[in-house]
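Residues per chain, in single letters:
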Amino acid sequence: AQTVTQSQPEMSVQEAETVTLSCTYDTSESDYYLFWYKQPPSRQMILVIRQEAYKQQNATENRFSVNFQKAAKSFSLKISDSQLGDAAMYFCAYRTVIQGAQKLVFGQGTRLTINP
Amino acid sequence: DGGITQSPKYLFRKEGQNVTLSCEQNLNHDAMYWYRQDPGQGLRLIYYSQIVNDFQKGDIAEGYSVSREKKESFPLTVTSAQKNPTAFYLCASSISSGRFVVEQFFGPGTRLTVL
């Protein structure tokens, strides 16, 4: 079974600085997808970015980018120019397919604090 | 506006009582999911449904039941058999994907507290 591990329960960063959140996963599949979700205090889950395992190029969405290391099974999220609105729980997730149904396996989450 | 609604936002239950959490979507999605979120843990899948009148157990289905009589609705019942039901519950939906990846859209959640 796939597992996802986020080893940083909490992180903090100064506003306008850059922060990197770590995620590792375990799988025997060769083709899969990885996601980062953001959960602000409202607790609404918001998709931040996704990465296809077959793509070597790291995904980028504005200030958010990933460092995908397939051999190391590592999938970190970099947030540049941190803003107060970035404060949230961040979850790394692995997508697998079971009997045609999409299933997400989530990490434990990292709480990100932005210091003004 | 299209989206997912969950009600109620907060729910209190006495031990030994069953309680049903509502999830409705108007996104015309075929697939729907229920997750449980506990402090210090990520979301864990309880049940999922790919089509009306069909659903499958997720990783932590014990003590829970669901129904899928309508495409837009996927209620979750937390039964008295669930030993530790206090948690935050999230409902999600997506189009049917097969092997293709699709985004899961999440509702605002229900906080269940057992007194």
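Below, the structure is looked at part by part. Treat the numbers as computed from the prediction; the structure is a model and nothing was measured.

**Brief notes about the environment of Phe68(A)**
Residues and elements named next belong to chain A. Tracing the backbone through its elements, the reader meets Phe68 in strand β8 (residues 64-69). For Phe68, a relative accessible area of 8% puts it in the buried group. With 34 residues separating them along the chain, Phe68 and Leu34 place their C-alpha atoms 9.3 Å apart. Not counting residues up to four positions away in its chain, the partners in contact with Phe68 are Tyr25, Tyr32, Leu34, Gln51, Glu52, Ala53, Lys55, Asn58, Ser74 and Phe75.

**Topic: the packing of aromatic side chains**
Taken as a whole and judged by the stated rule, the model has 14 aromatic pairs over all chains. Between Tyr37(A) and Phe106(A) the ring centres are 5.8 Å apart and the planes differ by 50 degrees, which places this aromatic pair in the tilted class. You can see Tyr37(A) sitting in strand β5 (residues 33-39) and its partner Phe106(A) sitting in strand β11 (residues 101-106), a full 69 residues away along the chain. Residue classification places Tyr37(A) among the buried residues on the basis of a relative accessible area of 1%. Feature note: the residues Phe35(A), Tyr37(A), Phe91(A), Phe106(A), Tyr33(B), Tyr35(B) and Phe106(B) constitute an aromatic cluster, connected by ring pairs. Sitting above the plane of the Phe88(B) ring, Arg43(A) keeps its charged end 3.8 Å from the centroid.

**Observations regarding the state of the cysteines**
Residue and element names in this part refer to chain B. In the structure shown here, the tally under the stated rule is 2 disulfides over all chains. Between the sulfur atoms of Cys23 and its disulfide mate Cys91 the distance is 1.9 Å. One disulfide, between Cys23 and Cys91, carries an S-S torsion of -70 degrees and so falls in the left-handed class. Here Cys91 lies in strand β9 (residues 87-94) and Cys23 lies in strand β3 (residues 19-25), a separation of 68 residues in the sequence. Overall, the relative accessible area of 0% leaves Cys23 in the buried class.

**Here we look at the pairing of β3(B)**
Residues and elements named next belong to chain B. What you see with β3 is a clean split: Val19, Leu21, Cys23 and Gln25 sit on the buried side and Thr20, Ser22 and Glu24 on the side with no burial. Sheet analysis places strand β1 (residues 4-7) next to β3, joined by 4 bridges and oriented antiparallel. By the bridge assignment for β3, Ser7 is matched with Ser22. Of the pairings in the sheet, the one linking β3 to strand β8 (residues 76-78) comprises 3 bridges and is antiparallel in character. Paired with Thr20 across the bridge in β8 is Thr77.

**A closer look at the side chain of Asp38(B)**
Residue and element names in this part refer to chain B. Along the chain, the position of Asp38 falls in the loop between β4 (31-37) and β5 (43-51). Reaching out from Asp38, the side chain makes a polar contact with the side chain of Arg44 at a distance of 2.8 Å. If we skip the residues at most four places from it in the chain, Asp38 touches Arg44, Thr86 and Ala87.

**Focus: the interface of chain A and chain B**
In this assembly, 23 residues from chain A lie in contact with 26 residues from chain B. If you look at where chain A meets chain B, you find 1 salt bridge. One salt bridge in this structure joins Lys103(A) and Asp59(B), with 2.7 Å as the shortest N-O distance. Inspection of the chain A/chain B interface yields 4 residue pairs in polar contact (both at pLDDT 80 or more). Listed by contribution, the elements that provide at least two residues to the side of chain A that touches chain B are β5, β6 (46-52), β10 (88-98) and β11 of chain A. Considering every element that reaches the side of chain A that touches chain B, the biggest residue donor is β11(A), with 5 residues.

**Structural notes on a nonpolar patch on the surface**
Together, Tyr10(B), Phe12(B) and Leu115(B) line one region of the surface with nonpolar side chains, adding up to about 400 Å² of accessible area. On the accessibility criterion, Tyr10(B) (53% relative accessible area) is exposed.

**Some points on unusual backbone geometry**
The omega torsion of the bond from Ser7(B) to Pro8(B) falls at -10 degrees, within 30 degrees of zero and hence cis. Along the chain, Pro8(B) turns up in the loop between β1 and β2 (10-13). The backbone of Asp81(A) sits at a positive phi, close to 50 degrees, despite the residue not being glycine. Looking at the element boundaries, Asp81(A) is found in the loop between β9 (74-79) and β10.

The rules behind these values
Residues numbered from 1 in each chain as written. Chains lettered and ligands numbered in written order. Predicted model: local features only at pLDDT ≥ 70, side-chain atom pairs only at ≥ 80, totals over all residues. Heavy atoms only, no water. Helix = DSSP H or I, 4+ residues; strand = E, 2+ residues; numbered from the N terminus. Buried < 20%, exposed > 50% of the residue type's maximum accessible area, 1.4 Å probe, protein only. Contact = heavy atoms within 4.5 Å. Phe/Tyr/Trp six-rings, centres within 6.5 Å; stacked < 30°, edge-to-face > 60°. Lys NZ or Arg CZ within 6 Å of the ring centre and 35° of its normal. Disulfide = S-S within 2.5 Å. Pairing = 2+ DSSP bridges. Polar contact = N/O pair within 3.5 Å; in protein donor to acceptor, adjacent residues only side chain to side chain. Salt bridge = Lys/Arg side-chain N within 4 Å of Asp/Glu carboxyl O. Patch = residues over 30% accessible without salt bridge, like charges linked within 9 Å, V, L, I, M, F, W, Y side chains within 5 Å. Areas by Shrake-Rupley, 256 points an atom, 1.4 Å probe, with all protein chains shown as cover.

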